[in-house]
Amino acid sequence: MLKTSDAAIPRVVVDDVHKDFKLRHTHSIKETFVAALKRKPLTTDFHALDGVSFEIGAGESVALLGFNGSGKSTMLKLISGVLTPDEGKVLTRGRVAGLIEVGAGFHPDLSGRENIYLNAAILGMTKKETEERFDEIVEFSEISQFIDTEVKHYSSGMFLRLAFSVAIHTEVDVLLIDEILSVGDEPFQKKCLARIRALHEQGKTLVVVSHDLDMVSSLCDRGILLRDGKVLFDGASGDAVAKMRS
Ligand SMILES: Nc1ncnc2c1ncn2[C@@H]1O[C@H](COP(=O)(O)OP(=O)(O)OP(=O)(O)O)[C@@H](O)[C@H]1O
Ligand SMILES: [Mg+2]
């Protein structure tokens, strides 16, 4: 049988992906009715991603770069499976954990403790595995005082602390991080970055979105620059940042 090394098989394949969103042009039932009578279009399609292709190999660290609205978060949501493409394919291999929106994946009426179990289960951990790691998860998050408080009363930083802590204590193969580190205070951001670097050294695959260009170019080897839903550049992260600033 032909043997292929693990590193040779990509973790993420994005193949000619298109994602459209509808832009509404009417604000009320009356306007909708009038526009329909005049046979004016009620919506137009907006191409958030317009034929994007790339592959990410096992153990790569990739920054997704681009200005506001260029399609970065949409791309991460497609990789995490929260969204599906209209055309094209997104394939992933292994366990994918996404830290994409502050508070996403948490149930507001459950406590921090209950949400740890919920999140860990979503990420594929058994109850026993979660029990074994529970103390470490809480310790890393530094919010043990609030662990039995309903998370609807949490601050943005507290959500980040819990979500990040759960994600890094699971057996994740691909970690997707969208901007949310920026809601953490400086000491916690530093601690997260150190942990992300350690995960990368252990061979985990990273896809990071951030407007902190110096941080991402030092953290990631490769940069994919999106503009208006298309790949404008794909290469060394330093070159991608230079291209974005040019
Ligand atoms: N659910 C949605 N419905 C309609 N339009 C959407 C939706 N999600 C995203 N868009 C649009 O798609 C475009 C790309 O959005 P996206 O969030 O991917 O940008 P981004 O690169 O992450 O930007 P930022 O740097 O501001 O986070 C934007 O113009 C946005 O308005
Ligand atoms: Mg975004």
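Residues numbered from 1 in each chain as written. Chains lettered and ligands numbered in written order. Predicted model: local features only at pLDDT ≥ 70, side-chain atom pairs only at ≥ 80, totals over all residues.

Chemist: A description of the overall build of the protein should follow, citing residues and the corresponding values.
Modeler: Each helix and strand in the protein was counted, giving 8 helices and 9 strands. Here the C-alpha coordinates of the protein stretch approximately 65 × 50 × 45 Å along the principal axes. Relative to its full complement of 246 residues, the protein shows a buried share of 37%. Put simply, of all contacts in the protein between residues at least 6 apart along the chain, 70% involve residues at least 24 apart. (Helix = DSSP H or I, 4+ residues; strand = E, 2+ residues; numbered from the N terminus. Buried ≥ 20, exposed ≤ 12 C-beta atoms within 10 Å, placed from the backbone. Contact = placed C-beta atoms within 7 Å.)

Chemist: Help me get a handle on the site of ligand 1, residues and values and all.
Modeler: Taken together, the neighbourhood of ligand 1 is formed by F21, A48, G66, N68, G69, S70, G71, K72, S73 and T74. Examining the composition of the shell around ligand 1, we find that 3 residues originate from one element, helix 2 (residues 72-80), more than from any other. Residue classes in the shell around ligand 1 are distributed as 2 nonpolar, 7 polar and 1 charged. (Near = placed C-beta within 6 Å. Nonpolar A, V, L, I, M, F, W, Y, C, P; charged D, E, K, R; others polar.)

Chemist: Just give me the short version of the sheet that holds strand 4 (residues 87-92), but keep the residues and values in it.
Modeler: Taken in spatial order, the 3 strands line up as 2-1-4 in an open sheet, and their pairing is antiparallel. Strands with a single pairing partner mark the edges of an open sheet, and in this sheet they are strand 2 (43-57) and strand 4. The mean angle between the axes of side-by-side strands here comes to 25°, regardless of whether they run parallel or antiparallel. Of the strand pairs in this sheet, strand 1 (residues 10-24) and strand 4 are connected by 5 bridges, and their pairing is antiparallel. (Pairing = 2+ DSSP bridges. Axes fitted to C-alpha atoms, helices over the stretch in contact; angles between N-to-C directions.)

Chemist: Before we move on, can you summarise the sheet that holds strand 5 (residues 96-99) with the specific residues and values?
Modeler: On the basis of which strands lie adjacent, the open sheet formed by 6 strands has the order 5-6-7-3-8-9 and mixed pairing. Each of the sheet's edge strands pairs with one partner strand only, and the pair in question is strand 5 and strand 9 (230-236). In this sheet, adjacent strand axes meet at a mean angle of 15° when their direction is disregarded. Bridge analysis of strand 6 (residues 174-178) against strand 7 (residues 205-209) gives 5 bridges, and the strand direction is parallel. Each residue of the ladder has a partner; that of I177, found in strand 7, is V208.

Chemist: Any chance you could break down helix 3 (residues 112-122) for me, citing the residues and the numbers?
Modeler: Restricting attention to buried positions, one finds in helix 3 the residues G112, N115, I116, N119 and A120. Along the axis of helix 3, the buried residues cluster in a sector spanning 130°; they form a single face. Looking at the buried residues of helix 3, the elements they touch are helix 4 (127-141) and helix 5 (156-168). Trailing helix 3 by a residue or two, G124 shows a phi angle of about 95°, which is positive. (Arc of directions from axis to C-beta.)

Chemist: So what about the UniProt feature "domain: ABC transporter" (unreviewed entry) in the protein? Which residues, and what values?
Modeler: Feature annotation in UniProt assigns "domain: ABC transporter" (unreviewed entry) to the following positions: residues 12-246. Summarising residues 12-246: 38% helix, 28% strand, and an end-to-end C-alpha distance of 29 Å. (UniProt positions renumbered as here; feature names shortened; annotations may be inferred.)

Chemist: Outline the environment of F140, listing residues and values.
Modeler: Along the chain, F140 turns up in helix 4. In sequence terms F140 and G229 are 89 residues apart; their C-alpha atoms lie 36 Å from each other.

Chemist: Give a detailed account of the packing of helix 3 against helix 5, specifying residues and quantitative values.
Modeler: In contact at an axis separation of 10 Å, helix 3 and helix 5 are set at 40° when each is read in the N-to-C sense. Between helix 3 and helix 5, the angle is such that the two are oblique. In the crossing of helix 3 with helix 5, the sense of the turn from one axis to the other is right-handed. Counted together, G112, N115, I116, N119 and A120 of helix 3 and L162, A163 and V166 of helix 5 form the full contact between these two elements. For the contact of helix 3 with helix 5, the per-class residue count stands at 5 nonpolar, 3 polar and no charged. (Parallel < 35°, antiparallel > 145°, perpendicular 65-115°, else oblique. Left-handed = near helix turned anticlockwise from the far one by under 90°.)

Chemist: Report on the packing of helix 4 against helix 5, specifying residues and quantitative values.
Modeler: Describing two packed helices takes the angle between their axes plus the distance from one axis to the other. Running from N to C, helix 4 and helix 5 cross one another at 140°; their axes reach a closest spacing of 8 Å. Relative to helix 5, the element helix 4 is oriented oblique. With respect to the hand of their crossing, helix 4 and helix 5 are arranged in right-handed fashion. Listed contacts from helix 5 to I137, F140 and S141 of helix 4 are R161, L162, S165 and V166. Tallied by class, residues from the contact of helix 4 with helix 5 come to 4 nonpolar, 2 polar and 1 charged.

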